[in-house]
Each structure stands twice: as C-alpha cells, then as structure tokens.
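Each chain, written out:
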Amino acid sequence: MAFAHNPRRRLLLSAGGGLLVSAALLRKAAAADEVEIALSGTANGSEVWFRPRGLLIQPGQTVRWINKDTGNVHTTTAYHPKNGKPLRIPQGADSWNSDYLMPGESFAMTFRVQGVYDYFCIPHEHAGMVGRIIVGSADPAQPPYADTDAKLPPAALSHFPGVADILKTKVVQ
Ligand SMILES: [Cu+2]
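Residues numbered from 1 in each chain as written. Predicted model: local features only at pLDDT ≥ 70, side-chain atom pairs only at ≥ 80, totals over all residues.

Trainee: Sorry, what's going on with the nonpolar core here?
Mentor: General note: in soluble globular proteins, nonpolar side chains tend to be found buried as a group. Residues Tyr117, Phe120, Ile133 and Ile134 are the most contacted members of the largest nonpolar core, which totals 31 residues. Counting residues per element, the ones that place at least two in this core are strand S1 (35–41), strand S2 (48–51), strand S3 (54–57), strand S4 (62–67), strand S7 (115–120), strand S8 (130–135) and helix H4 (163–169). With residues near it in sequence (within four places) discarded, isoleucine 133 still touches Leu55, Ile57, Val63, Phe111 and Tyr117. (Core = buried A, V, L, I, M, F, W, Y, C linked by C-beta atoms within 7 Å. Buried ≥ 20, exposed ≤ 12 C-beta atoms within 10 Å, placed from the backbone. Helix = DSSP H or I, 4+ residues; strand = E, 2+ residues; numbered from the N terminus. Contact = placed C-beta atoms within 7 Å.)

Trainee: Please explain unusual backbone geometry as it appears in this structure.
Mentor: In terms of backbone geometry, most residues other than glycine have negative phi values and most peptide bonds are trans. Across the junction of arginine 51 and proline 52, the peptide omega takes the value -5 degrees, indicating a cis bond. Within the element layout of this structure, proline 52 appears in the loop between S2 and S3. Phi is positive for tyrosine 145, close to 60 degrees, though the residue is something other than glycine. Of note, tyrosine 145 is situated in the loop between S8 and helix H3 (154–157).

Trainee: For this particular structure, what's the right way to read the sheet that holds strand S9 (residues 171–172)?
Mentor: Sheets are built from strands paired through backbone hydrogen bonds, the pairs being either parallel or antiparallel. Strands sit in the order S5-S7-S8-S3-S9 across an open sheet of five strands; the sheet is mixed. Looking at strand neighbours, the two that pair on one side only are strand S5 (77–78) and S9, the edges of this open sheet. Two elements, S3 and S8, share four bridges in a ladder whose sense is parallel. Bridge assignment links leucine 55 to a residue of S8, and that residue is isoleucine 133. (Pairing = 2+ DSSP bridges.)

Trainee: Any chance you could explain the sheet that holds S1 here in plain terms?
Mentor: A sheet is described by the order of its strands in space; here four strands give the open sequence S2-S1-S4-S6, paired in mixed fashion. Either end of the sheet is taken by a strand with one partner, and the two such strands are S2 and strand S6 (106–110). Looking at each pair of strands side by side, their axes are set apart by 15 degrees on average, direction ignored. Pairing geometry for S1 and S4, over five bridges, is parallel. The residue bridging isoleucine 37 from the neighbouring strand is tryptophan 65, located in S4. (Axes fitted to C-alpha atoms, helices over the stretch in contact; angles between N-to-C directions.)

Rendered as structure tokens:
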C-alpha cells in the first residue's frame, strides 16, 4: 500500500477518531497564529490604552483584541467612513467595529490588504485610545493619512506610533 512507510498517515487512514484529532490540532495551530492586543487601563479609568499600540503583521494574519479591563468597556473600531470617520485604512480593505466589548470579551479580524490601519476605541478616542497596525509593509518616510489629521482629536493623533518605529520593532507598547 502506498502509505505503508508512514505509520502516522496509516493510523489516520485507519481510524475515524484519528481524523478528528487531526482537525483539532489544525484549529489549535490556527489559534496560535493569532496576535493579541489587550484593551486595558488604570483601575480608576484615568488612563486607557491598546497594548501593544503598534503592531507589524503579515497579510492573512489575524488580530484578536481582548478587553482585559475589569471595570471598563472598550471597542476596536477602524477609522473608516462606515464608522463615521475619515479613511485611515488601505483603499479596498475591510472596515471593522467590534461594538462594546465587556470585560473578558474579544473581537478578531483577519487582515489581507497590505498597508497602514489606524483604529480607535469609541468611548476613549478623545483620551487617546488609538492603535496602528501595519500589514506587510508601508512607506516609513511618509506620515500616513496626514490629509485627515485635522479631523482627529489631538490626543488620538499624538498616540499613533510612527510607521518607522513599528517597522523596526514590530511591536510598539
Ligand atoms: Cu476604550
């Protein structure tokens, strides 16, 4: 038989249970490929943040935002006209909005289009709770979406990590 030299394959072929185990292992591998961003803040809510604030991932990777705050709700929301904001994600990329995440809840998004993605937390944008994800690569010489800067709260603008920093370190806390 063709697979006789491969004992593991023969086991999978011979037992239905083996196939189930195999599917579970594949799911586990996919989950491990997710990159996590925490939504959190100080106990009294005086400061709030995404951690990391800046992240470099590759096309096809999934980001999962998790509300790790015990006393505050947060959102992860793309700067996109669909969310009532100027466009600060690549042309043609999918917008997202998690809506309110209670403590412990999470929201995941898979990124396929290369470029810079800016996002914010609806109740805390004015407190500077924003983040930036670069998918694949971006031009470090140009501040992205500078033409829309004037439409953002100053605290939000000042909390985006620079493109060059994200490209260099991959993770900006
Ligand atoms: Cu928030």
